Amino acid sequence: MSNRSPSEVVARRNGMELRRRRRPPLTAEEMSMIGSSEAFQPVSLKQEGDDQPSETDKLSMEDGDLVKDPVPSQISRQPSVTESTFYPNPYHRPYISRKYFVTRPGAIETAMEDLKCHVTKTSGETIQGFWLLTEIDHWNNEKERILLVTDKTLLICKYDFIMLSCVQLQHIPLSAVYRVCLGKFAFPRMSLDKRQGEGLRIYWGSPEQQSLLSRWNPWSTEVPYATFTEHPMKYTSEKFLETCKLSGFMSKLVPAIQNAHKNSTGSGRGKGLTVLTEPILIETYTGLMSFIGNRNKLGYSLARGSIGF
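What counts, and at which threshold
Residues numbered from 1 in each chain as written. Predicted model: local features only at pLDDT ≥ 70, side-chain atom pairs only at ≥ 80, totals over all residues. Heavy atoms only, no water. Helix = DSSP H or I, 4+ residues; strand = E, 2+ residues; numbered from the N terminus. Buried < 20%, exposed > 50% of the residue type's maximum accessible area, 1.4 Å probe, protein only. Contact = heavy atoms within 4.5 Å. Areas by Shrake-Rupley, 256 points an atom, 1.4 Å probe, with all protein chains shown as cover. Patch = residues over 30% accessible without salt bridge, like charges linked within 9 Å, V, L, I, M, F, W, Y side chains within 5 Å. Salt bridge = Lys/Arg side-chain N within 4 Å of Asp/Glu carboxyl O. Phe/Tyr/Trp six-rings, centres within 6.5 Å; stacked < 30°, edge-to-face > 60°. Pairing = 2+ DSSP bridges. Arc of directions from axis to C-beta. Core = buried A, V, L, I, M, F, W, Y, C linked by side-chain atoms within 4.5 Å. Disulfide = S-S within 2.5 Å.

Q: Could you give me a rundown of the overall build of the protein chain, with the residues and numbers involved?
A: When helices and strands are counted, the protein chain shows nine helices and nine strands. Residues classed as buried in the protein chain amount to 32% of the 309 residues present. Excluding contacts between residues fewer than 6 apart, the proportion of contacts in the protein chain whose partners are at least 24 apart in sequence is 63%. Carbon and sulfur atoms form 54% of the exposed surface of the protein chain, whose accessible area is close to 21,800 Å².

Here it is as structure tokens:
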């Protein structure tokens, strides 16, 4: 217990405050340091709620400057409420897909409506589905095609998506199809222009009966089979993913052929359909024409750009 009087205590406190306020004047060296970067120390900013130590904290912990907390603090994190959907090649480089006229708004719908009206007026058969695929001819040339499967017929349509008109329509009776092959593409060992991937080949005639002239004619229409693969615009949208799916086309084609064989009354090569999984041979050796055509997508309705100035 102190014996000082209240007046002495007050005087002592006032003297201490005066000593705190009275500081010696700054020297010239200290005045020169004001405003310089050396007078400031870097400060590490951390967002509120961040439980991960910064780089500065890690270094300090290694040097033993910070005292470790014996009970680590547990911060609960709420699970993310957003969902990420990884679509195959989701709208990657959309300006490339816009070059294909089939991707223009309403183009594929117009083509389907035109073909539906044609089938209704000519045969009246029930259409089981539409598909947008790429046909590969016997010279390895790619051609954009629309395929329709009805109760009795397979229709292969060459459609001009620029003028929105059907250019060529090939009718193949399903009762004449006797073999369907699914597999990877194969080429002769000395072939210079090869392709990867797999395709589907449909036979309605024997390749052995094909004449030598039609086999070596790149524009021949007497080839007794057709080969298809998936369209390059398959992954541009969900709509084209279903329309360009090769497996979806085969799942509709095979039952339709089997039903056509059962209901067929004419004489033919015999009832039944053979479905095989084997390599699909394309007999091209030099392949200069297909190399130029496929690299430039000449078999597709494509925006080529302006030619003049």
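Q: Outline a nonpolar patch on the surface, supporting the account with residue identities and numerical values.
A: On the surface, a cluster of nonpolar side chains totalling about 510 Å² of accessible area is made up of Met190, Leu212, Trp216 and Tyr285. As for its position among the elements, Trp216 is in the loop between α6 (212-215) and β7 (225-230).

Q: Kindly report on the packing of aromatic side chains, identifying the contributing residues and their values.
A: Enumeration according to the criterion identifies six aromatic pairs in this entry. Aromatic pair Tyr100 and Tyr300: ring centres 5.7 Å apart, planes at 80°, arrangement edge-to-face. A residue pair is termed long-range when its members are at least 10 positions apart, and Tyr100 in the loop between α4 (94-97) and α5 (107-122) and Tyr300 in the segment after α9 (288-295) qualify at 200 residues. By relative accessible area, Tyr100 is classed as buried at 6%. Ring plane angle 70° and centroid distance 5.3 Å describe the contact between Trp131 and Phe249, whose orientation is recorded as edge-to-face. Taken together, the residues Trp131 in strand β1 (residues 129-136) and Phe249 in helix α8 (residues 246-263) connect sequence positions 118 residues apart. Of the residues examined, Trp131 reaches a relative accessible area of 6% and is grouped as buried.

Q: Describe the pairing of strand β3 (residues 153-160), listing the residues and the values that go with them.
A: Where burial is concerned, most of β3 is hidden: six out of the eight residues are buried. Pairing of strand β2 (residues 142-149) with β3, which is carried by four bridges, proceeds in the antiparallel orientation. Each bridged residue has a counterpart across the sheet, and for Val149 the counterpart in β3 is Leu154. Between the end of β2 and the start of β3, which pair antiparallel, lie three residues. In terms of strand pairing, β3 meets strand β4 (residues 165-173) through eight bridges, oriented antiparallel.

Q: Any chance you could break down unusual backbone geometry for me, citing the residues and the numbers?
A: Unlike most non-glycine residues, Asn140 shows phi in positive territory, near 70°. Here Asn140 shows up in the loop between β1 and β2. For Asn140, a relative accessible area of 1% translates into the label buried. Residues other than glycine seldom take positive phi values, yet Leu164 does so here, at roughly 55°. Relative to the assigned elements, Leu164 resides in the loop between β3 and β4.

Q: Explain the environment of Arg98 residue by residue, including any values.
A: Turning to its location among the elements, Arg98 is positioned in the loop between α4 and α5. Sequence separation between Arg98 and Thr236 is 138 residues; the distance between their C-alpha atoms is 9.8 Å. When near neighbours in sequence (up to four residues on either side) are disregarded, Arg98 contacts Thr103 and Arg104.

Q: Tell me about α9, and name the residues and values.
A: Here α9 has its buried residues at Ser290, Gly293 and Asn294. The buried residues of α9 occupy an angular sector of 95° when the element is viewed end-on, so they sit on one face. Of the exposed residues in α9, the ones pointing more than 90 degrees away from its buried face are Leu288 and Arg295. Against the buried residues of α9 lie β2. Note on α9: the residue one or two positions beyond its end, Lys297, has a positive phi of about 55°.

Q: Before we move on, could you go through the nonpolar core and cite the residues and values that matter?
A: As a rule of thumb, soluble globular proteins bury nonpolar side chains together. Counting residues in hydrophobic clusters, the biggest one holds 24 residues, and the most contacted among them are Leu154, Val177, Ile202, Phe228, Phe249 and Leu253. Where this core is concerned, the elements lending two or more residues are β1, β2, β3, β6 (198-203), β7 and α8. Of all the elements, α8 adds the most residues to this core, at eight residues. Aside from chain neighbours lying at most four places away, what touches Val177 is Ile172, Ile202, Tyr203, Trp204, Ile257, His261 and Leu273.

Q: Which residues make up the pattern of salt bridges, and what values do they have?
A: Any two side chains of opposite charge can pair, given that their charged atoms come close. On inspection of all chains with the given rule, the structure shows seven salt bridges. Taking the shortest distance from any N to any O, the salt bridge between Lys234 and Glu230 comes out at 2.9 Å. If you follow the salt bridges from partner to partner, you end up with Glu142, Arg195 and Lys297 in one network.

Q: Would you mind going over the state of the cysteines in detail, with residue names and values included?
A: Here a disulfide denotes one covalent bond, and it connects the sulfur atoms of two cysteines. For the structure shown, the criterion picks out zero disulfides. Looking at Cys157, it has no disulfide partner, and the nearest cysteine sulfur is the one in Cys166, 3.3 Å off.

Q: Give me the side chain of Gln210: which residues, what numbers.
A: Following the sequence through the fold, Gln210 ends up in the loop between β6 and α6. Given a relative accessible area of 11%, Gln210 falls into the buried group. Those residues in contact with Gln210 that sit more than four places away from it in its chain are Arg215, Val223, Pro224 and Tyr225.

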